[in-house]
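Observations on chain architecture
Spelled out from the first residue to the last, the chains are:
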Amino acid sequence: MKSEELFKESQNYLPGGVDSPVRAFKPHPFFVEKAEGSQLWDVDGNVYTDYCLGYGPLIMGHAPSQIMKGVSEQIKKGTTYGAPTQNEIELAKVVINKVPCADMVRFVNSGTEATMSAIRLARGFTGKNKIVKFEGAYHGAHDYVLVKSGSGAACLPDSLGIPEDTTKNTLSAPFNDPEALKDLIESQGHDIAAIILEPVMGNIGCIEPEKGYLEFLRKITAENDILLIFDEVITGFRVAEGGAQEYYGVTPDLVTLGKIIGGGFPMGAFAGKREIMEMIAPSGSVYQAGTFNGNPISVNAGLATLNELNSGFYRTLNKKGHKIRSAIADIIEDNDYDLNVVGLSSMFQIYFNKNPVKNYADAKKSDADKFLTYFRELLQQGVFIPPSQFECCFLSQAHSTQDLEKTIEAIASSLQVALD
Ligand SMILES: *Cc1c(COP(=O)(O)O)cnc(C)c1O
């Protein structure tokens, strides 16, 4: 059991034995040897079909050869320059072309940096201080947004080390609840710079906006001089070529991107309307900078990946999502399980909850312990999903029909184990 030994050792050197909290599941995480396509191998020789996919970035699967070829050529030409390259313009054009709200873009290194910078920009642009986020939404691990956060933070108390002075400007509201937001804006709207949201909440399971809700947010923000920020770090290039804003037909003022945009390498971005984006330094006075911003390797991989995405790509990918969700729905119905399957396009999750889930409070009523039994059983059967009820599963171009059929069988028997 090499993974078990490595985990014991890693806990001496890395807090909790890992570099990001959600990776540390019980009894111990597996340590990875290599990955290719839809498959992941651990150091003990086990192989898994991967539906975690790096928590979202790998829409083409692991190490797609056409992307890796370009990356190896780029590596020979240097790995970071501290000076601009033509490829940054090319990638910016592709992003602007695909994403409805994007007139200009700034490339950064992670989704966390993207939301931190977009929020600063919104404050700079509006001259207001407060932001609104939704309960259970995850926008990265910086101080402004670690309030009632999703992802790994959904299972922990609010983080220490964040001054009240910082979070007093972060208001939170329940998702899919127009009345609650109206009240908040009525009382504090004069000092709200932005509302930031995951248009599909992907860090507390998978929750879609109810019909008309995004339109409501668009309208109420416009009427109150509040910027609307879609955090599309998951949904960008995932639910459609232009992200959730294309899928639902609602255009925000700013968007934050990450995960898929780096083609499997670290990268984030924020983009939006020209008059807002031009406030970013050096063209304007909202400061944002980074040694590795626009890193040539990430840009190369991101550009090659985004160039693969077109309507045919999504048609094929989304069919796989439909297949797995409807197979799970059949299993639930045939066995009369108190579960519900959710998701759209190539995202899916099972809530261990018999009631529909439309916000954080509903999601938290799910049986997270039974979910973990289900997760462990799936792992035994060679299927890797994120180890938490409060994450979302993903599909990639690399997943074959055979992968899906094997997985559906594994899901059926794992649910049986979890619910017995
Ligand atoms: C993952 C995620 C982030 C943070 O991105 P990192 O690259 O991990 O910093 C922000 N917002 C959403 C919606 C995410 O899913």
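Since this is a predicted model, take the numbers as computed values, not measurements. (Residues numbered from 1 in each chain as written. Predicted model: local features only at pLDDT ≥ 70, side-chain atom pairs only at ≥ 80, totals over all residues. Heavy atoms only, no water.)

**Side note on the site of the ligand**
Neighbouring residues of the ligand: S110, G111, T112, Y138, H139, G140, E198, N203, D231, V233, I234 and K259. Taking G111, its main chain carries an N or O atom lying 2.9 Å from an oxygen atom of the ligand. Protein chains bury 84% of the 380 Å² of accessible surface belonging to the ligand in isolation. Taken together, the residues of the shell around the ligand sort by class into 3 nonpolar, 6 polar and 3 charged. (Near = heavy atom within 4 Å. Polar contact = N/O pair within 3.5 Å; in protein donor to acceptor, adjacent residues only side chain to side chain. Areas by Shrake-Rupley, 256 points an atom, 1.4 Å probe, with all protein chains shown as cover. Nonpolar A, V, L, I, M, F, W, Y, C, P; charged D, E, K, R; others polar.)

**Focus: the domain arrangement of the protein chain**
One can read the domain layout of the protein chain as domain 1 (2–59 + 310–419) and domain 2 (65–306). In this assembly, 30 residues from domain 1 lie in contact with 29 residues from domain 2. A buried area of about 2,500 Å², summed over both sides, lies between domain 1 and domain 2, and 61% of it is on carbon and sulfur atoms. Of all residues in domain 1, the largest losses of buried area upon contact with domain 2 belong to L344, K358 and Y360, amounting jointly to 25% of the total for that side. At the junction of domain 1 with domain 2, the criterion picks out 0 salt bridges. Across the domain 1-domain 2 interface, the total number found is 8 residue pairs in polar contact (both at pLDDT 80 or more). For the side of domain 1 that touches domain 2, the secondary structure elements donating two or more residues are α11 (311–335), β11 (340–344), β12 (347–351) and α12 (360–364). Its residues placed into classes, the side of domain 1 that touches domain 2 shows 18 nonpolar, 9 polar and 3 charged. (Domains from an automatic or database assignment. Contact = heavy atoms within 4.5 Å. Buried area = accessible area lost by both parts, 1.4 Å probe. Salt bridge = Lys/Arg side-chain N within 4 Å of Asp/Glu carboxyl O. Helix = DSSP H or I, 4+ residues; strand = E, 2+ residues; numbered from the N terminus.)

**A short note on the sheet that holds strand β4 (residues 104–108)**
Strands pair in a sheet through their backbones, by hydrogen bonds, and they do so in one of two ways: parallel or antiparallel. Strand order in the open sheet made by the 7 strands is β4-β10-β9-β8-β7-β5-β6, with mixed pairing throughout. Of all the strands in the sheet, the pair left with one neighbour each is β4 and β6 (170–173). Averaged over all pairs of adjacent strands, the angle between strand axes in this sheet comes to 20 degrees, irrespective of strand direction. As defined by bridge partners, strand β8 (residues 227–231) adjoins strand β9 (residues 254–257) across 3 bridges and the pair is classed as parallel. (Pairing = 2+ DSSP bridges. Axes fitted to C-alpha atoms, helices over the stretch in contact; angles between N-to-C directions.)

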